[in-house]
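The chain contents come next:
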Amino acid sequence: MLISLQDTGRAGLRHWGVPASGALDWLAHSLASRLVGNAAELASLEITGPGARLHFSELTIISLVGADLGAELDGQPIALGRAWLVRPNSELSFNQRRHGARCYLAVAGGFNITPQLGSQSCLLGAPWSGYLAQPLRIGDQLSYNQPDLSIAGRSLDTTSIDSSQSLIRYLPNRRLANKIQRQFQAQTWCISSKSNRMGYRCAGQALAAPAKPVRSFGVVPGTIQLPPDGQPIVLLADAQTTGGYPVLGVVIRADLPKLAQRLPSEYLQFQPIGLTLAERAFAEQLNLLKANFELEPLILGTPI
């Protein structure tokens, strides 16, 4: 069970070697935040898989968006995509994974967590202490601000968000041999158990990695590296800021949420796409946020 505080990440620090971190499914986090009236830079809880039980000692309003992990409030099922009133001494449990991998829980007013380097996001193993360097554990307590009760019952239609697809679109590196790209695209890759928030390791028939060494250069979340063993690695939010492996391409920003909703032992297939279509797909997701809340989301990093 992995539960951590995540927002939109740390901007402008990659040249110091500080990863952006932040929610792996930025769209689900943004929608959950907007539902309870929060700005996206306020952290939500990124809950990976079922099994968690959370006790609320004070009145608040919550929303859940992302994976369906069989959430129940005081034993009664509650739906995704709605602002729910939570009374004191209530318990929220996640009992069964139905689809997706990560559910985002936002509380109205946000959590009382001091930002580190401009963000409330947890970066596992970071040098700072507290909840921003480690996942939540049994007995941990988080305080939150008083909610605006008028937003209770607010809802949105999440049916247009399909996180179940295993087809991931990417911008291919045209400098890499066409043969390697074709082999990469033709395969169905299994997400290895050695995966984490730094990156997904893909297991399959090994690709022939170029023998010529590559100098280290800047990388971003979504970069698909090709190490010497021929098993691709898709970098995620907590990944390092530079790398020296050849690059197959970069997963488009619009498909990072789909990637985040897959777990080890599940499968991925990669489809090349052009820059224009990548930008259009991202714009459609931004329009989803604007249509529901008439507000621009705070999205950090590259727009593709």
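That block above? That's the structure.
Residues numbered from 1 in each chain as written. Predicted model: local features only at pLDDT ≥ 70, side-chain atom pairs only at ≥ 80, totals over all residues. Heavy atoms only, no water.

J.: Just checking my understanding: could you explain the pairing of strand 10 (residues 167–172) for this structure?
T.: Working note: regular strand, side chains alternate between the two faces of the sheet. Note that strand 10 and strand 18 (residues 267–272) share four bridges and pair parallel. Counterpart to I168 in the pairing with strand 18 is F270. For strand 10 and strand 17 (residues 247–251), the ladder comprises three bridges, and the chain directions are antiparallel. Within the sheet, the bridge partner assigned to Y170 lies in strand 17 and is V251. (Pairing = 2+ DSSP bridges. Helix = DSSP H or I, 4+ residues; strand = E, 2+ residues; numbered from the N terminus.)

J.: Looking at this model, I keep getting lost on the nonpolar core. Mind explaining?
T.: Residues F184, I224, V234, L248, L259 and F270 are the most contacted members of the largest nonpolar core, which totals 43 residues. No other element matches helix 1 (residues 26–35), which puts six residues into this core. Ranked by size, the runner-up nonpolar core spans 31 residues in total, among them L73, W84, L92 and F94. (Core = buried A, V, L, I, M, F, W, Y, C linked by side-chain atoms within 4.5 Å. Buried < 20%, exposed > 50% of the residue type's maximum accessible area, 1.4 Å probe, protein only.)

J.: What should I look at first to understand unusual backbone geometry in this one?
T.: Among all residues except glycine, the phi angle is most often negative; among peptide bonds, the trans geometry is most common. In this structure, S21 takes a positive phi of about 55 degrees despite not being glycine. Mapped onto the elements, S21 comes out in the loop between strand 1 (2–6) and helix 1. Classification of S21 by relative accessible area gives buried; the value is 6%. In this structure, L117 takes a positive phi of about 55 degrees despite not being glycine. Relative to the elements of secondary structure, L117 occurs in the loop between strand 9 (99–107) and strand 10.

J.: Is there a simple way to explain the state of the cysteines in this structure?
T.: What we call a disulfide is simply a covalent bond connecting the sulfur atoms of a pair of cysteines. For the coordinates displayed, the defined rule picks out zero disulfides. Lacking any disulfide linkage, C103 is separated from the closest cysteine sulfur, that of C122, by 17 Å. The structure places no disulfide on C202, whose sulfur is separated from the nearest cysteine sulfur, that of C190, by 8.9 Å. (Disulfide = S-S within 2.5 Å.)

J.: How do you make sense of the packing of aromatic side chains when you look at a structure like this?
T.: Where two aromatic rings form a pair, the distance of their centres and the angle of their planes describe that pair. Per the counting criterion, the structure on display carries six aromatic pairs. Ring geometry for F184 versus F270: centroids 4.7 Å apart, planes at 25 degrees, classification stacked. Placement of the pair is F184 in helix 2 (residues 178–186) and F270 in strand 18, with a sequence separation of 86 residues. Just as F184 is buried, F270 falls in that class too. Here the guanidinium or amino end of R82 rests over the ring plane of W84, the centre of that ring lying 4.4 Å away. A cation over an aromatic ring shows up here: R253 above the ring of W26, its NZ or CZ 5.3 Å from the ring centre. (Phe/Tyr/Trp six-rings, centres within 6.5 Å; stacked < 30°, edge-to-face > 60°. Lys NZ or Arg CZ within 6 Å of the ring centre and 35° of its normal.)

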